[in-house]
Number of protein chains: 2
Amino acid sequence: MALPVTPISPPLKDELDIVIPTIRSLDFLEMWRPFFQPYHLIIIQDGDPTKTIRVPDGFDYELYNRNDINRIMGPKANCISFKDSACRCFGFLISKKKYIFTIDDDCFVAKDPSGKDINALEQHIKNLLTPSTPFFFNTLYDPYREGTDFVRGYPFSLREGVPTAISHGLWLNIPDYDAPTQLVKPLERNTSSCRYVDMVMTIPKGSLFPMCGMNLGFNRELIGPAIYFGLMGDGQPISRYDDMWAGWCVKVVCDHLGLGVKTGLPYIWHSKASNPFVNLKKEYSGIYWQEEIIPFFQSVSFPEECKTAQECYIELSKQVKEKLVHIDPYFEKLGDAMVTWIEAWDEFNPAPNATA
Amino acid sequence: MALPVTPISPPLKDELDIVIPTIRSLDFLEMWRPFFQPYHLIIIQDGDPTKTIRVPDGFDYELYNRNDINRIMGPKANCISFKDSACRCFGFLISKKKYIFTIDDDCFVAKDPSGKDINALEQHIKNLLTPSTPFFFNTLYDPYREGTDFVRGYPFSLREGVPTAISHGLWLNIPDYDAPTQLVKPLERNTSSCRYVDMVMTIPKGSLFPMCGMNLGFNRELIGPAIYFGLMGDGQPISRYDDMWAGWCVKVVCDHLGLGVKTGLPYIWHSKASNPFVNLKKEYSGIYWQEEIIPFFQSVSFPEECKTAQECYIELSKQVKEKLVHIDPYFEKLGDAMVTWIEAWDEFNPAPNATA
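Residues numbered from 1 in each chain as written. Chains lettered and ligands numbered in written order. Predicted model: local features only at pLDDT ≥ 70, side-chain atom pairs only at ≥ 80, totals over all residues. Heavy atoms only, no water.

Peer 1: Residues and numbers for the nonpolar core, please.
Peer 2: Counting 240 residues, the largest nonpolar core has F36(A), I223(A), W245(A), F36(B), I223(B) and W245(B) as its most contacted members. When sequence neighbours within four positions are dropped, the list of residues in contact with F36(A) reads I18(A), F28(A), L29(A), L41(A), F59(A), F101(A), I103(A) and L121(A). (Core = buried A, V, L, I, M, F, W, Y, C linked by side-chain atoms within 4.5 Å. Buried < 20%, exposed > 50% of the residue type's maximum accessible area, 1.4 Å probe, protein only. Contact = heavy atoms within 4.5 Å.)

What follows is the structure, given as structure tokens:
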């Protein structure tokens, strides 16, 4: 007689929401069913709100279209992008959970080199629940991973690490390239047999990185207010820089607050490259502007008084308006939207002991 | 009929020396023969100079013992450590080549996960001959490696990279742990099936790392004067921090000069762990001192006028004497030795157009 199976509750089942910007195919959730079904989904339907998104049976989800966002946020809805995957940050705002995992609907379950399905969510949770080491580089990478540790010469006082705010996962098959690189290298692929890097690491303090929103986990309580995807898409002069903007902002805020950003595992399978010609049109302002934006972020500093992600983000909005507006008037509008975002954050996420 | 084989000259054959601090077994060179035989070896015999080191036939080498070092350097020989693998830096000093690869004699040829012998030297050369990217993190790691590139959001103005000064390789089998970790985890091993990370990356600007001297390549012309292994072993209060010291110094100098430091591949097979009890005795001052040394290096800055590795290193020696001597009088002696080292460097490596 078989022994009764004790059901194992998946990690962080009641503390994590999965946020998905639009779902164009039923296959997506069917493929992820073994991993996602225990969790709550927040689906942000982008574009035409009269269309219907079908969600397969058995999933626990909320679905919001543009009409819902406008109704729920009122005038503050103007900080949420339309016709761009940046709309996903509405899900970050209204979640009530401690952790978020966000993934694009063209990302499927990848296989590790042994052919086993990769449980991306489980790896993000491991990354988020173990500390980061931003103050000194460990040459064997994440020292908290099983089978490894801090190497000789790593200061003992730094081995406790700091809380991890972000877990940035990577992509097999189609790498996340910009339009010019897509055009030049249309056939380049990341395959699990030759480009699978079995590693997680902390991005050192002081170093910026290109954060991709396709496969991203974060601690919403620690850093949520700094993960705003900006004004992109419909009515804006720029697109495909939503996650980059969030990444630049969140890294300088994490560095100031002493929080960690990890990158590496888990991989997802990125199924298809978007059209490089369309992408070029969306990106070209960003490609040009980032040459000034990056030095700005490399020199950002926060006053001692900024102790929370909100406080840092408001301070950052001021510096954006002051130091980037000469590039384009868009940055004035973006700086205002950053403030609106924080106002909305505080409205939907009141501090536990705040009174109305 | 077989076609005649065209002999292929190995890369950098006439531009690279292999420096080995002592050789205790003939097996070492026999195992590396297919890879090392085309190159010139500089062997620094540590300890008793009356003993004889046997080198198998067919290798092109110079061998120096302590008597040779004293004769060649005169009074300046006091900056070269005795009874410690730090003596290897004498080889860096007297080499006339552009590149150095240094390796310990307990490091053997490792196998990659497919079972193939790893040509460590070839990978170091690849690392050194391609640029580094210290100013912005690339989430797909070394963008110059075949099959990969810069990801979306990487500033185009930074894609040229900077010259690579250091290639820091890793170890399978016995990881490079300090004595306390060795004592706590005596059985931990890096195996090619589970801890092989197929990756090279640039350590970002501003981040220090624990540089291990077991498996290390560098561009001697660019950074040689900053790779001094300090005063260790016989007559000194500290040991097993020779490579760490060099690593801290070289990283701040590289950051100032805009040079790159890569880590990751290649792996060697580290055959045996040294005795953790002996190591603890050698390390304990360093373990304690590094808690103050690291913050010192994290705050080091150089004046604009320091344009060469020598100039940076002399400036660093002043700061060491000024800011570390309160830890122990040893740092006064070390600061003096750093100056002697640079004097010796300039003596043995006169600038091309310098007159005597």
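Peer 1: I'd like a description of the side chain of D242(A), backed by residues and values.
Peer 2: Tracing the backbone shows D242(A) in helix 7 (residues 242–257). This buried residue, D242(A), is left without a salt bridge; R152(B) holds the nearest opposite charge, at 4.8 Å. Here the side chain of D242(A) touches S85(A) through a polar contact of 3.2 Å, side chain to side chain. If near-sequence neighbours (up to four positions away) are discounted, D242(A) is found in contact with D84(A), S85(A), A86(A), Y228(A), F229(A) and M232(A). (Helix = DSSP H or I, 4+ residues; strand = E, 2+ residues; numbered from the N terminus. Lys, Arg positive; Asp, Glu negative; His and termini not counted. Salt bridge = Lys/Arg side-chain N within 4 Å of Asp/Glu carboxyl O. Polar contact = N/O pair within 3.5 Å; in protein donor to acceptor, adjacent residues only side chain to side chain.)

Peer 1: Which residues make up the packing of helix 7 of chain A against helix 9 (residues 309–324) of chain A, and what are the values?
Peer 2: Residues and elements named next belong to chain A. Where helix 7 contacts helix 9, the axes come no closer than 10 Å and their chain directions differ by 125°. Taken together, the axes of helix 7 and helix 9 are oblique relative to one another. Along this stretch, helix 7 crosses helix 9, giving a crossing that reads as right-handed. The segment helix 7 lies against helix 9, with W245, C249, V252, V253, H256 and L257 engaging A309, C312, Y313, L316, V320 and L324. When grouped by side-chain class, the residues that make up the contact of helix 7 with helix 9 number 11 nonpolar, one polar and no charged. (Axes fitted to C-alpha atoms, helices over the stretch in contact; angles between N-to-C directions. Parallel < 35°, antiparallel > 145°, perpendicular 65-115°, else oblique. Left-handed = near helix turned anticlockwise from the far one by under 90°. Nonpolar A, V, L, I, M, F, W, Y, C, P; charged D, E, K, R; others polar.)

Peer 1: Residue-level account of the packing of aromatic side chains, with values.
Peer 2: All names here are of chain A. In the structure shown here, the tally under the stated rule is 46 aromatic pairs over all chains. For the pair F36 and F101, a centre-to-centre distance of 6.0 Å together with 70° between the ring planes defines the contact as edge-to-face. Placement of the pair is F36 in helix 1 (residues 26–36) and F101 in strand 4 (residues 99–103), with a sequence separation of 65 residues. For F36, a relative accessible area of 0% gives the class buried. According to the relative accessible area criterion, F101 is buried, its value standing at 1%. Residues Y144 and F150 carry aromatic rings whose centres are separated by 5.7 Å and whose planes lie at 90° to one another, so their mutual orientation is edge-to-face. Under the relative-accessibility criterion, Y144 is labelled partly exposed at 26%. (Phe/Tyr/Trp six-rings, centres within 6.5 Å; stacked < 30°, edge-to-face > 60°.)

Peer 1: Could you give an account of the pattern of salt bridges, with specific residues and numbers?
Peer 2: Scanning the model with the defined rule gives 38 salt bridges over all chains in all. In this structure, R152(A) engages D176(B) in a salt bridge whose closest nitrogen and oxygen atoms are separated by 2.8 Å. A residue pair is termed interchain when its members come from two chains, as with R152(A) in the loop between helix 4 (120–129) and strand 6 (164–173) and D176(B) in the loop between strand 6 (164–173) and helix 5 (179–184). Like R152(A), the residue D176(B) is buried in the burial classification. Measuring nitrogen to oxygen at the nearest pair gives 3.0 Å for the salt bridge that ties K262(B) to D142(B). Placement of K262(B) in strand 9 (residues 260–270) and of D142(B) in the loop between helix 4 (120–129) and strand 6 is noted, with a sequence separation of 120 residues between them. Each member of the pair, K262(B) together with D142(B), is buried.

Peer 1: How would you sum up the state of the cysteines? Please name residues and give values.
Peer 2: Residues and elements named next belong to chain A. Tallied over the full model, the rule gives zero disulfides over all chains. Free of any disulfide, C87 has its nearest cysteine sulfur in C89, 7.9 Å distant. The class for C87 is buried, based on a relative accessible area of 2%. (Disulfide = S-S within 2.5 Å.)

Peer 1: Before we move on, can you summarise the relation of the copies chain B and chain A with the specific residues and values?
Peer 2: The transform that puts chain B on chain A rotates by 180° and translates by 0.0 Å along the axis, for an RMSD of 0.0 Å. Such a combination of rotation and displacement between the chain copies is what one expects of a two-fold axis. By C-alpha distance to the rotation axis, the residue of chain B lying nearest is V197(B), at 2.9 Å. Of the residues that chain B buries at the interface, 100% are likewise interface residues in chain A, meaning the two copies contact each other through the same surface. (Least-squares fit on C-alpha atoms with pLDDT ≥ 70 in both.)

Peer 1: Describe unusual backbone geometry, and please don't skip the residues or the numbers.
Peer 2: Residue and element names in this part refer to chain A. Looking along the chain, the bond that leaves L265 and enters P266 is cis, with omega of 5°. Assignment of secondary structure puts P266 in strand 9 (residues 260–270). Its identity is not glycine, yet Y141 carries a phi of approximately 70°, on the positive side. Along the chain, Y141 falls in the loop between helix 4 and strand 6. The class of Y141 is buried, set by a relative accessible area of 4%. The backbone of N173 shows a phi angle near 75°, a positive value even though the residue is not glycine. Tracing the sequence through the fold places N173 in strand 6.

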